[in-house]
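Secondary and tertiary structure notes
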Amino acid sequence: MEILGYFLDVFEPMHAMVLVVGIVGGLLLGAAPGLSPTMAVALLIPFTFYMEAIDALILLSAVYAATVAGGAVSAILIKVPGAPANIATAFDGYPMAQQGRAVEALHYAFISTAIGGILGMMVLIFLAPPVADMALRFGPAELFWVAILGVTVMGSVGSKSVVRGLFAGAVGMWISTIGQNPILAEPRFVFTSHLTGGVEIVVALIGLFAIPQVYTMLETATRGREAVVYELKSHSLWASARNTVRERLALTIGSVVGIIIGIIPGAGGQIAGLLAYDQTRKLSRNPERFGKGEPAGVIAAESANNAMVGPSLVPLLTLGVPGSPTAAVLLGGLLIHGLFPGPDLFTTHARITWTFIGALLIGQILIMVFGLAISRYSRVIMQVPNHYMAAAVTVLAVFGTYSIQNNFSDVLIMFVLGTAMYLAMKVGFEPAPVVLGIILGPIAEGAFLQGQMISGPTVGALAYFTTGPIVWAMIGLCVLSLGYSILLEVRQARRRRTRAAAETAS
Amino acid sequence: VNSALAIPLGALALSVFLTGAALYRGKPDIYQFPILIGGAMIVLALFMLADVVMRKRAGVVATVEAEPLPLASMWPAFAVMAGLSPAARAAGLLLHCLPRFPRAVDRLCPGRTLRPGAACPAGGLRFRLRGHALRRVRPRAEGPVAGRAFAMIPAGAHPEAVTPLAAMTRTAACGHKEETT
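All values reported here derive from a predicted model rather than from experimental measurement. One numbering rule holds for all chains: residues counted from 1, following each sequence as written. Chains carry letters from A onward and ligands carry numbers from 1 onward, assigned in written order. Thresholds applied to this predicted model are a pLDDT of at least 70 for local features of residues and 80 or more for the giving and counting of side-chain atom pairs; totals over whole chains, interfaces and linings are not thresholded and use all residues. Excluded from the side-chain calculation are hydrogens and water; included are all heavy atoms of the structure.

Numbering goes from the N terminus for both helices and strands, where a helix is a DSSP run of H or I of at least four residues and a strand is a run of E of at least two. In terms of regular secondary structure, chain A is built from 25 helices and 2 strands. Within chain A, buried positions represent 60% of all 506 residues. Any two residues whose heavy atoms approach within 4.5 Å at even a single point are treated as in contact. Taking all contacts inside chain A whose residues are at least 6 apart in sequence as the whole, residues at least 24 apart take part in 78%. Only protein chains enter the calculation, and the probe is 1.4 Å; a residue is then buried if its accessible area is under 20% of its type maximum, exposed if over 50%, and partly exposed in between.

Printed below as a string of structure tokens:
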């Protein structure tokens, strides 16, 4: 009852106002390519210095959750994910928008975001102690295999061929090694001073998604108006809600994957959407529909990336171990206001902590409400002619990239990566596996090097990386994931051949 | 180099270069992970190469996938790419009748003939060479940009030899027959 009372504190006028401002601002920031949740929270921290601790935390957490959700808007409307967590949303969201179903896609995105987000928050509220215990079991060996599980997904996300997807992913992992070695801090592959700091994930994300999209828009801009402006169909909100609930498989997989990835410290939420999308596609009865405007793809991706928000805070609030980069920045916000993570947070500072959690929970519903309101205006964006849209995306991409580190080198890297990706797309490569490689590379390498050092010469690296129940479970999942991707491709090729033979006969 | 081989060979060259660059630096502690990745890339590139070689031996060079390209200025680049092999050049003959922004292939077909290297009167076309082939020429309608045409080009085929094939594609994709150039 006491906790319920704290939750009701959220409705105090000041707290409620801060929450609404955080949600609306977060949705708008999230929709801008390049403004990732981590950056949005980091930018806001100085503004919270003079706020009351409770309002500061409500603002930061509302912005965190809303930017993750807001990234879906640009992913669906212009195929440029607002943050790495929204990459998978673009796979089916953008084709839906091209078919005039942008409003419907946004409905699915925001409804599934709320469902996934609420389930994730339930885990934070009711299962924090066991979840914290589980998070502690993830050492370098387990984290290394989580990264490898992500690698197995590369073959099938967004790519028509498993081998090409894996190759593109390997290129992404190689790009992630540019810069400094994570242990010895010695430079690697730094051929020019622009690469001294390596390739930032968000820079790569914007370059690989936004720049090829700009080139494509410029191509289509010359085609004439009928080619550029999509026919827009309105869609009943109730029908969208009904369809979302009907997609139980996508919702379940999305939420469960999001929760598990959120719990694992260091894995980050960025891969939750991609893993959920891939698993949903593999278990779907119609995997061939994915990538062509399948609502289940949007639902799985969006429920996953918000389901991870709650669980990613469990290790942070209970142990002081941030589960994701954004959680690390939030930790800064807590410390600034004299709140030290641990049991004290739930006893001495119970009011602040539970009001903060309550705000996040209510925030999930507000994200849906405001998100659905925003989706009405997607018509405006979809009807902007492509040459104007290309200019707008370029400006946003340049600003977004430059603002990450105030470094012009990032802008150059973005354009070089984007142009290379545009050419690679012409020969059948896709950007998603490359970005996934860039995300997973540092996780895999860091865990690999740490594991090697921990194991030492007596245990041996091989034994260290193949011992323990979680490790074997992860290895099993990796084998299953890769095997199923290959099986799916063989089946689809066989189906294509059968169809072609039938057409020849007819 | 046959255009179908260009992609896997390029991938192999890139992998060897990156692995070589890592090995050349000679610092095993720092370059351990990049070398592992480079090794994986070489294996994957060899898979891609083996796939193309096997299909080539089976008598198939490339699949041509055609779809509308609005930017006419892009055309020469693709024409050069297409000109890499006789079979690919012949494939240019197949690419004339795809609609500009089609919803149904048979409704919007402009019905013009495109010579390899020339811009499509309907607003330009592009085609991509794939390392695999389908069994027969057939139109496909998928998504909002429908009207892709696929063609199997036999190994070493002369452009003239595939003219009937081109006519067949037009018939299939446009729903009506016409003269070929």
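What follows picks up the thread again.
Put simply, buried Ala, Val, Leu, Ile, Met, Phe, Trp, Tyr and Cys residues joined by side-chain atoms within 4.5 Å make one nonpolar core. Counting residues in hydrophobic clusters, the biggest one holds 177 residues, and the most contacted among them are Ile87(A), Phe167(A), Ile175(A), Leu313(A) and Ile357(A). With 18 residues, helix 4 (residues 53–78) of chain A is the largest single contributor of residues to this core.

Another point: the confidence of the model for chain A. Per-residue confidence from the predictor is reported as pLDDT, a score between 0 and 100. With 91% of its residues at a pLDDT of 70 or more, chain A shows a mean pLDDT of 82. This model gives residues 224–229 of chain A a pLDDT under 50, and the stretch forms 11 contacts once residues within four places in sequence are excluded.

What follows covers the packing of aromatic side chains. Given two aromatic rings, one states the distance between the centres and the angle between the planes to describe the pair. Each pair of aromatic rings taken from Phe, Tyr and Trp, with Trp reduced to its six-membered ring, is defined by centres within 6.5 Å and is described as stacked if the planes are under 30 degrees apart, edge-to-face if over 60, and tilted in the remaining cases. One pass over the full model with this rule turns up 13 aromatic pairs over all chains. Where Phe189(A) meets Tyr31(B), the ring centres are 5.4 Å apart and the plane angle is 80 degrees; that geometry is what we call edge-to-face. Here the residue Phe189(A) occupies a position in the loop between strand 2 (187–188) and helix 10 (201–221), and Tyr31(B) occupies one in helix 2 (residues 28–57), the pair thus bridging two chains. A relative accessible area of 2% means that Tyr31(B) is categorised as buried. Taken together, Phe144(A), Trp145(A), Phe448(A), Tyr464(A), Phe465(A) and Phe33(B) form an aromatic cluster joined through their ring pairs. In this arrangement the basic side chain of Arg164(A) is found over the ring face of Phe429(A), its NZ or CZ atom lying 5.5 Å from the centre. Charge over a ring is defined by NZ of Lys or CZ of Arg lying within 6 Å of the ring centre and within 35 degrees of the ring normal.

We now examine the pattern of salt bridges. Residues and elements named next belong to chain A. Here, a salt bridge means any side-chain nitrogen of Lys or Arg that lies within 4 Å of a carboxyl oxygen of Asp or Glu. The tally for this structure, following the rule as stated, stands at 4 salt bridges over all chains. The residue arginine 188 makes a salt bridge to glutamate 445 at a minimum N-O spacing of 2.6 Å. Residue arginine 188 is found in strand 2, and its partner glutamate 445 is found in helix 23 (residues 431–459); the two are separated by 257 residues along the sequence. Arginine 188 gets classed as buried once you look at its relative accessible area, which sits at 1%. Using a relative accessible area of 3% as the deciding quantity, one classes glutamate 445 as buried.

Moving on: the packing of helix 6 (residues 102–126) of chain A against helix 15 (residues 295–307) of chain A. All names here are of chain A. Packing of helix 6 against helix 15 brings their axes to within 7 Å, and their N-to-C directions diverge by 35 degrees. Crossing of helix 6 against helix 15: the hand is right-handed. Counting all contacts with helix 6, which are made through Ala105, Tyr108, Ala109, Ser112, Thr113, Gly116, Gly117 and Gly120, the residues of helix 15 involved are Pro295, Val298, Ile299, Glu302, Ser303, Asn306 and Ala307. When the residues that make up the contact of helix 6 with helix 15 are grouped by side-chain class, the tally is 7 nonpolar, 7 polar and 1 charged. Each axis is a line fitted through C-alpha atoms, and for a helix only the stretch in contact is used; angles between axes span 0 to 180 degrees, taken between their N-to-C directions. Definitions for this section: a left-handed crossing has its near helix turned counterclockwise from the far helix by less than a right angle. A right-handed crossing has that turn clockwise. Basically, the charged four are Asp, Glu, Lys and Arg, the nonpolar ten are Ala, Val, Leu, Ile, Met, Phe, Trp, Tyr, Cys and Pro, and anything else, Gly included, counts as polar.

Trans is the prevailing form of peptide bonds, just as negative phi is the prevailing case for residues other than glycine. All names here are of chain A. In this model, phenylalanine 189 sits at a positive phi of 50 degrees, which is unusual for a non-glycine residue. In the Ramachandran plot, asparagine 406 falls in the positive-phi region, its phi being about 50 degrees despite a non-glycine side chain. Structurally, asparagine 406 can be placed in the loop between helix 21 (386–405) and helix 22 (408–426).

Before going further, it helps to examine a nonpolar patch on the surface. Residues and elements named next belong to chain A. Grouping into patches uses exposed residues only, defined as over 30% relative accessible area, and leaves out salt-bridged ones; the cut-off is 9 Å for like charges and 5 Å for nonpolar side chains (Val, Leu, Ile, Met, Phe, Trp, Tyr). All accessibility values rest on the Shrake-Rupley procedure with a 1.4 Å probe; residue burial counts only the protein chains present in the view. A cluster of nonpolar side chains, contributed by Leu4, Leu8 and Phe11, occupies part of the molecular surface with about 320 Å² of accessible area. Among the structural elements, phenylalanine 11 can be located in the loop between helix 1 (2–8) and helix 2 (13–31). Classification of phenylalanine 11 by relative accessible area gives exposed; the value is 52%.

Here we come to the confidence of the model for chain B. Residues and elements named next belong to chain B. Across chain B, the average pLDDT comes to 49, with 26% of residues at or above 70. A low-confidence stretch, residues 59–181 stays under pLDDT 50, and its non-local contacts, those more than four residues away or across chains, total 254 contacts. Predicted complex, confidence summary: ipTM 0.72, pTM 0.70.

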